[in-house]
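A structural walkthrough
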Amino acid sequence: MIVLAFPELESIGGKVAEGLGSQFHLIQKKIFPDGESYVRIGTDVKDEDIVLVQTTYPEQDKRLLELFYAIDTIRSHGARSVEVVLTYLAYARQDREFLPGEAVSVRTVLRLLGAVGVNTLYAVDVHKPESLEYFPGQAKNIIPSRVFSRKLEDLNLRNPIVVSPDLGASHRAKALASELGCECFIIRKHRDRITGQIRHELPEDIDVKGKEAVVVDDIISTGGTVANIASFLRKCGASRVFVAASHGLFVDEALRKLRNAGVDRVLTLNTLATKVNDSLIEYVDVSPELVRVLRNMVSGTL
Ligand code: R5P
């Protein structure tokens, strides 16, 4: 088995290779003066089982094209199998036609990955895991609850409760609460049909007074979703608010919004090619979870 990674994920690729006891090679790439991408697999992949590790943020379209070039090349050079590990699957939120005629972008991305020759796809915390059904081969969603729970245990929370911002994120909240051995609940969201304003509500049997709330989500983009939930939880009496969000994009004024909402700490994974240096954010390494899942794949227990 050979592990390959693009330069963006050199560190994660190296740790995955070490964990699997495999060779590790970097994929070479550059941009031509006219903006076109060049990719080169500088190692012999004939008859090898390949694990390719990559993220697709930032510059989603460029990262995806580079990925397609790499997989097609690996296939043309006679690799026996190609497993792709995407630490971040771009376009996952465009998973249906919200308006007639819209592109279901994640479906196209997953179909193309299948078309260029990916056997199995592993993706970290996909927005809706069901969208992986668009991939023509086998696909697995990696939920990072173990790595998050270890980090939260290090923070010695006294009375934690896990919070899901909506029904769609409840699988994440349940997985994390089960790791932490604590309660979890889903926030109820009501939208006023006339003003469009959103009102949050706790389930009747839930009291967050004096508790340390851990809000779980897949993505922080503009920070609006998590900030609204955090200020609501603060108003309900939560003593502290932590956030465990897999993919921290932190675009625009996200950090300011999170701070103003009373968020104490944001835990996020190193799934992207960007890192934001800010005292509010703590990065959690996703590699141990990738190694665990891939080892199961190698030993045939997946
Ligand atoms: C929405 O369903 C997603 O799970 C995230 O909550 C959302 O994409 C986060 O975006 P933002 O940070 O811009 O609110």
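A quick note: this is a predicted structure, and the numbers were derived from the prediction, not measured. (Residues numbered from 1 in each chain as written. Predicted model: local features only at pLDDT ≥ 70, side-chain atom pairs only at ≥ 80, totals over all residues. Heavy atoms only, no water.)

Focus on the packing of helix H4 (residues 145-154) against helix H5 (residues 170-180)
- With their axes 9 Å apart at the nearest point, H4 and H5 run at an angle of 50° to one another. Here H5 runs oblique to H4, going by the angle between their axes. Handedness of the H4/H5 crossing: right-handed. Contacts between H4 and H5 pair Ser145, Arg146, Phe148, Ser149, Leu152 and Glu153 from the former with Ala175, Leu176, Glu179 and Leu180 from the latter.
- Taken together, the residues of the contact of H4 with H5 break down into five nonpolar, two polar and three charged. (Axes fitted to C-alpha atoms, helices over the stretch in contact; angles between N-to-C directions. Helix = DSSP H or I, 4+ residues; strand = E, 2+ residues; numbered from the N terminus. Parallel < 35°, antiparallel > 145°, perpendicular 65-115°, else oblique. Left-handed = near helix turned anticlockwise from the far one by under 90°. Contact = heavy atoms within 4.5 Å. Nonpolar A, V, L, I, M, F, W, Y, C, P; charged D, E, K, R; others polar.)

Concerning the environment of Ala169
- Mapped onto the elements of the fold, Ala169 is located in the loop between strand E9 (160-164) and H5.
- Expressed as a C-alpha distance, the spacing of Ala169 and Gly114, which sit 55 residues apart in the sequence, is 27 Å.

What about the sheet that holds strand E1 (residues 2-5)?
- One open sheet accounts for six strands, arranged E2-E1-E5-E6-E7-E8; its pairing is parallel. Across the chains shown, the open sheet's two edge strands, defined by having one partner strand only, are strand E2 (23-26) and strand E8 (138-142). When strand polarity is set aside, the average angle formed by the axes of neighbouring strands in this sheet is 20°.
- In the packing of helix H2 (residues 60-76) onto the sheet, the strands contacted are E1, strand E5 (49-55) and strand E6 (81-88), and the crossing angle to E5 comes to about 175°. (Pairing = 2+ DSSP bridges.)

As for the site of the ligand
- Taken together, Arg93, His127, Asp217, Asp218, Ile219, Ile220, Ser221, Thr222, Gly223, Gly224 and Thr225 form the complete shell of residues around the ligand.
- Within the contact set of the ligand, an oxygen atom lies 2.5 Å away from a side-chain nitrogen or oxygen of Asp217.
- Within the side chain of Asp218, an N or O atom sits 2.6 Å from an oxygen atom of the ligand.
- Isolated, the ligand exposes 380 Å² of accessible area, and the fraction of that covered by the protein chains is 80%.
- Mapped by element, the contributors of at least two residues to the shell around the ligand are strand E13 (212-220) and helix H6 (224-235).
- In terms of residue count, E13 provides more of the shell around the ligand than any other element does, four residues in total. (Near = heavy atom within 4 Å. Polar contact = N/O pair within 3.5 Å; in protein donor to acceptor, adjacent residues only side chain to side chain. Areas by Shrake-Rupley, 256 points an atom, 1.4 Å probe, with all protein chains shown as cover.)

Some points on helix H3 (residues 105-116)
- The end-to-end C-alpha distance of H3, which contains 12 residues, comes to 17 Å, matching closely the 16 Å that a straight helix rising 1.5 Å per residue would cover.
- All buried positions along H3 are accounted for by Ser105, Val106, Val109, Leu110, Leu113 and Val116. Projected onto a plane normal to the axis of H3, the buried residues spread over an arc of 130° and lie on a single side.
- The elements touched by buried residues of H3 are H2, E6 and strand E7 (120-124).
- Once H3 ends, the next one or two residues include Gly117, with phi positive near 115°. (Expected span 1.5 Å × (residues − 1). Buried < 20%, exposed > 50% of the residue type's maximum accessible area, 1.4 Å probe, protein only. Arc of directions from axis to C-beta.)

Here we look at the packing of aromatic side chains
- What the rule picks out here adds up to two aromatic pairs.
- Their ring planes at 85° and their centres at 5.8 Å tell us that Phe32 and Tyr38 sit as a pair that is edge-to-face.
- We classify Phe32 as partly exposed; its relative accessible area is 34%.
- Residue classification places Tyr38 among the partly exposed residues on the basis of a relative accessible area of 29%.
- Arranged with centres 5.9 Å apart and planes meeting at 75°, the rings of Tyr57 and Tyr88 form a pair that is edge-to-face. Of the two residues, Tyr57 sits in the loop between E5 and H2 while Tyr88 sits in strand E6, which places them 31 residues apart along the sequence. (Phe/Tyr/Trp six-rings, centres within 6.5 Å; stacked < 30°, edge-to-face > 60°.)

Let's talk about the side chain of Ser81
- Its location among the elements puts Ser81 in strand E6.
- Within polar-contact distance, the side chain of Ser81 engages the side chain of Asp49 at 2.7 Å.

Overview of the sheet that holds strand E10 (residues 184-186)
- Taken in spatial order, the six strands make up an open sheet running E10-E9-E13-E14-E15-E16, and their pairing is parallel. Bordering the open sheet on either side are E10 and strand E16 (281-284), each of which pairs with just one other strand. Going from strand to strand, the sheet's axes swing by 25° on average, the running direction of each strand aside.
- For E9 and E10, the ladder comprises three bridges, and the chain directions are parallel. Within the sheet, the bridge partner assigned to Val163 lies in E10 and is Phe185.
- Those strands touched by H4 are E13, strand E14 (240-248), strand E15 (265-269) and E16, and its axis lies near 145° from that of E15.
- Relative to E9, H5 is tilted by about 165°, and along the sheet it contacts E9, E10, E13 and E14.

A short note on empty space enclosed by the protein
- A complete count under the given rule lists one cavity of 30 Å³ or more for this structure.
- Together, Asp125, Ile143, Pro144, Ser145, Phe148, Arg172, Leu176, Val216, Asp217, Ala244 and Ser246 line the largest cavity.
- When contributions to the lining of the largest cavity are tallied by element, the ones reaching two or more residues are H4, H5, E13 and E14.
- A class-by-class count of the residues in the lining of the largest cavity yields six nonpolar, two polar and three charged. (1 Å grid on protein atoms, 1.4 Å probe; cavity = no way out; pocket = protein on both sides within 12 Å on 5 of 7 lines; lining within 4 Å. Points joined across faces, edges and corners; volume = space filled by probe spheres on them.)

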